[in-house]
Structures are given as structure tokens and as C-alpha cells.
Amino acid sequence: MKYDIIIIGSGLGGLVCGAGLAQKGKSVLILERQIQPGGSMQSYRRKDGLSFDTGLHYVGGLTPGHRIYDIFSYLGLMDLPWHRMDDSGFDLITIEGDTYPIASGYDNFVDTLAQYFPKEKDNLRKYVEMLQDVNRKPFTTEVLMDVFGKNAYDYLTETFNDPLLINVLAGSSIKMELKKESLPLFTFAHSNSSYISSSWRLKGNGNMLVDKLVSHLRENGGELICEAEAEEMIERDGHITAVRCSNGETYEGDIFISDIHPTLTFQLIKESSRLKPIFRKRMSSLENTIGAFTVSLVLKPQTLEYFNHNKFIYRKANVWEPSDENKPIDRVMASCLVPKEGKYATQIDLLTHMTWDRCKRWENTTVGHRGEDYKAMKQQVARECIELAETQIPGLSNMITAQYTSSPLTWRDYNLTPEGSAYGMRKDYRNMLTILSSRTPIPNLLLTGQNLTLHGIEGVMMTAVLTCAEILGPEHTRNIINL
């Protein structure tokens, strides 16, 4: 059988493209190397029967009038049990022991922070206007080029006078990579704006979202095959004609979408009349963002009341500075799973950054075969994360019955992310070539996913809609989202 669309990778971008295109009547096949779909959206289950998320902690903008709400509604994702986080402070930023709430609603956001920084109230209003303006702009390549060439840190230091407030405004950015010298204002603004409008957790695990998208795909005639790793994309006469997979099968299609890392995508094309050496070299030389280290904790029954916000905890007012990995962990995000019933938490995730350099000595190892030194490193970092979190969650270490950890090596091996990058390819406001289009030099090969324009759930979903627009035409996507 020959398919209209073949998608390589079933991360969020691949699933959104597949479900959306199948709904438009296209015959769609998604190929996934793992035993289950979802990429960083999937959950994993341990022997205690509990499920743990890998990349889904909270979502912003799930109210009418926002782009992400429109996409979720179109794909049936608003039917899932979404739980609204505290409007008075969905993120609590603690710096050197003092805590500052990030409130939902733009006016509420300004008024709340102005209580701590009264001299900055007018500047906070300007900041909110900027966030809304960036969020309102059409999400097109042309507009992106116009707003991309501005530096986030420069904007903040030019807008605000109080260095502490600049740290607070970036305090929830453990969920992204901050780089003073290169981070585009566009990336920073999009990563914060939707959460301020409203923030939500899923009452359940990330597999609920994945399963919904897979059901949507299949209900519209699409197919998903797991344990089918793409080994080669075959090009003939300047077009991709088929994908050869590890299961021994070759699948033919008219249009191909890659949801895997661009460097790996082009490595799959062994011979090409369209991929010039200079293009391959540029793709392989693009930098990746920092990785993440996570600690998933199982708690004793009825020891900690659920908290309906995220805690971002910093030892020092150095949010914009990289951590010194020769010293104990100095920043951590604590996110609480919504309990199935009652008021007590059962699980907490801790998240911090970790560079590839810290993992490099084990880069030639595989899961479960990394040795005692690796285990010791993970145990030490986990202890440091727990100790720092305990400054805001007193007694946490005595509440734990089990813990599970992952490092950038884990991300690399499960999600095929080079250097275990957690947030895709690094964007640099000084270099427009770090923003990748969904188009490629091969006319019937498109890209999607977090490595293109934006990372995160909102960014990946909007990028997926743009990828679909390349196939369907923008007029067919306007009923989904105002691009």
C-alpha cells in the first residue's frame, strides 16, 4: 500500500500532524521505533504500578481565545480531565529563601508582582503588553523573522531596573534554556505568555494525551506501527519515495514528515541529489540545548498535601547564570501530580538542568549497563535536588518510599535526542539559520517537532499545524487555528 503521508516518529509533533491530516481525509502512517508512541509525552510504569511522566508537567492557555485551546479542541484533547492551577500563583519562584508568586491573568500578574516591586508596576504593564503582542502576531515565517532578532536578556534589562525582578520573571524557565547572550525574546515570550493567561495540569498521566491523539488518528483511518525504526529514506529523482525500517518492511508514500531530530533525519538519506554537502554540514553543526535531570518521587500515604502550583527554587539570585556542576545543585523545579482522590499527594517530580559534559564519560553505554559510577552520580544529584526542594517542602526526604531518576543519557537513548537535549536545537537571535522551516531541500520531505520554531507543548503543536499547512494549504488550517 502507498500512503498519502508517512510520518517518522510519534512524538507530540508527529501525532498532531498525523491526527490532523487523517481528519482531513489523508491516508496516514506513523512509524515509531519504540514499543509505545508519545516521545517525551509518554508515561512509564514501574513495578509499584505507578506511572510517571517524562515531559508533561503543565500546559498554558487552555481557555477560549488562545491558539493552544483551538488546537486542543479540534483534536478532542479538551475532553481530557484538565485541572486548573492556582490563579493566585501557578508558579512560585523562591530565590535565596524569598518567594514570589506568578499569577494567572495578565492584570492579576501585574498587580501581584507589583506588591513586591511597586516601583516596577508601569514596567510590568509594558512587559505584559509585549507578551500579548508577540502572542497575537500571526505565527508565520515572515512575522517570525520580524520579531526573532531581539535578545530576551537585553529586553529585560532595558525594561526593568530591579535585577531581582529580572530573575523572578525568568524563574520558571527551568522548563527551557536561558542563555544571556543568545536567547531570542520571541522564544522567551512564547514560553511564558500562555501560562500567564491560564495554567493547567492533567489529572492523570501523559499517556492520556497520547492515547487520545492515537485514537483520533485511527478513528480517521490512520495507522501507527511501533517497533519500526526508520533506517533509510530512499530518494529517487529528487523525491523521497519510501522508508525502509528495522522490522524488515519498506513503506511507500507521497509525502514524508520527520518528527525526529533534523540531524538524524538527513542522516537517513544516504544518497541525495538535493542535499548538498554544505547543507548537511550546517545541519550537523547546529547546537543543541541543555539536557534535564529528573527525580520522580513516590510519597508515603497522607504525608504531604497536594500543592496546586509549581515550585521553582534557587539558592542564589543567579537565574540567568549556568549552574556550576562542580558544586551542589542550585536550582530545581518541583511539580506535584494531581491526586486521583483526596487532598494528599502521591508523587512529585523534581527537575533540574544537566549538561552533556557531565554525562559524556558514559556516552558509549546503554540503558541498564552504565556501571556503578553512573549510578553514584545519579544518586548524588538526586540527593542534592531533594535537599534543595526540602527548603520549601519541609520533611520531604522522610516522606519518600521510592525514587526514579533520568539523565540526558536517558533522553538520548529513548527519544533519539542528540546530547540528551531537552528543549530542541538552540535558537540564537543573532543567527536566523537556527530557526528551521518545516520545508527542506527535498520537496516532499517536511519537518516538525520541537527542533523547529519553538519547544514545549504549545510551540510543538503550533509548529505541527504549520507543517500541515504546507500540505493542505493555509486555508484548510484556518478553521483550526488563526495562524
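This text follows the structure it describes.
What counts and how
- Residues numbered from 1 in each chain as written.
- Predicted model: local features only at pLDDT ≥ 70, side-chain atom pairs only at ≥ 80, totals over all residues.
- Heavy atoms only, no water.
- Core = buried A, V, L, I, M, F, W, Y, C linked by side-chain atoms within 4.5 Å.
- Buried < 20%, exposed > 50% of the residue type's maximum accessible area, 1.4 Å probe, protein only.
- Helix = DSSP H or I, 4+ residues; strand = E, 2+ residues; numbered from the N terminus.
- Contact = heavy atoms within 4.5 Å.
- Pairing = 2+ DSSP bridges.
- Axes fitted to C-alpha atoms, helices over the stretch in contact; angles between N-to-C directions.
- Salt bridge = Lys/Arg side-chain N within 4 Å of Asp/Glu carboxyl O.

Q: Please explain the nonpolar core as it appears in this structure.
A: When a protein is soluble and globular, its nonpolar side chains tend to lie buried together. Counting 91 residues, the largest nonpolar core has Phe 72, Phe 109, Tyr 127 and Phe 188 as the members making the most contacts within it. With nine residues, the single largest contributor to this core is helix H14 (residues 456-472). Apart from the residues within four sequence positions on either side, Tyr 127 is in contact with Phe 109, Tyr 155, Leu 156, Phe 160, Leu 169, Phe 188 and Asn 192. Counting residues in hydrophobic clusters, the runner-up holds 33 residues, among them Leu 297, Ile 329, Cys 359 and Val 381.

Q: Sorry if this is basic, but what is going on with the sheet that holds strand E16 (residues 331-336) here?
A: One key point about sheets: their strands pair by backbone hydrogen bonds, in either a parallel or an antiparallel sense. Taken in spatial order, the seven strands line up as E8-E7-E15-E16-E17-E14-E18 in an open sheet, and their pairing is mixed. The open sheet is flanked by strand E8 (98-102) and strand E18 (400-406), the only strands paired with a single partner. The sheet shows a mean angle of 20 degrees between the axes of neighbouring strands, direction not considered. Here strand E7 (residues 91-95) runs beside strand E15 (residues 310-314); their pairing, made up of five bridges, is parallel.

Q: I keep staring at the pattern of salt bridges and nothing clicks. Help me out?
A: Any two side chains of opposite charge can pair if their charged atoms end up close together. If you walk through the whole model with that rule in mind, you get 21 salt bridges. Arg 244 is the partner of Glu 231 in a salt bridge, and the nearest nitrogen-oxygen pair spans 2.9 Å. With Glu 231 in strand E11 (residues 230-236) and Arg 244 in strand E12 (residues 239-245), the pair connects residues that are 13 residues apart, well separated along the chain. Glu 231 gets classed as partly exposed once you look at its relative accessible area, which sits at 33%. With a closest N to O distance of 3.5 Å, Glu 363 and Lys 360 form a salt bridge. On the basis of relative accessible area, Glu 363 is assigned to the partly exposed category, the value being 28%. The partly exposed category is assigned to Lys 360, whose relative accessible area is 41%.

Q: Whenever I open this one, the side chain of Ser 407 confuses me. Can you help?
A: You can see Ser 407 is positioned in the loop between E18 and helix H13 (408-415). The buried category is assigned to Ser 407, whose relative accessible area is 0%. In contact with Ser 407, not counting residues within four places along its chain, are Ala 292, Phe 293, Met 354, Cys 359 and Tyr 374.

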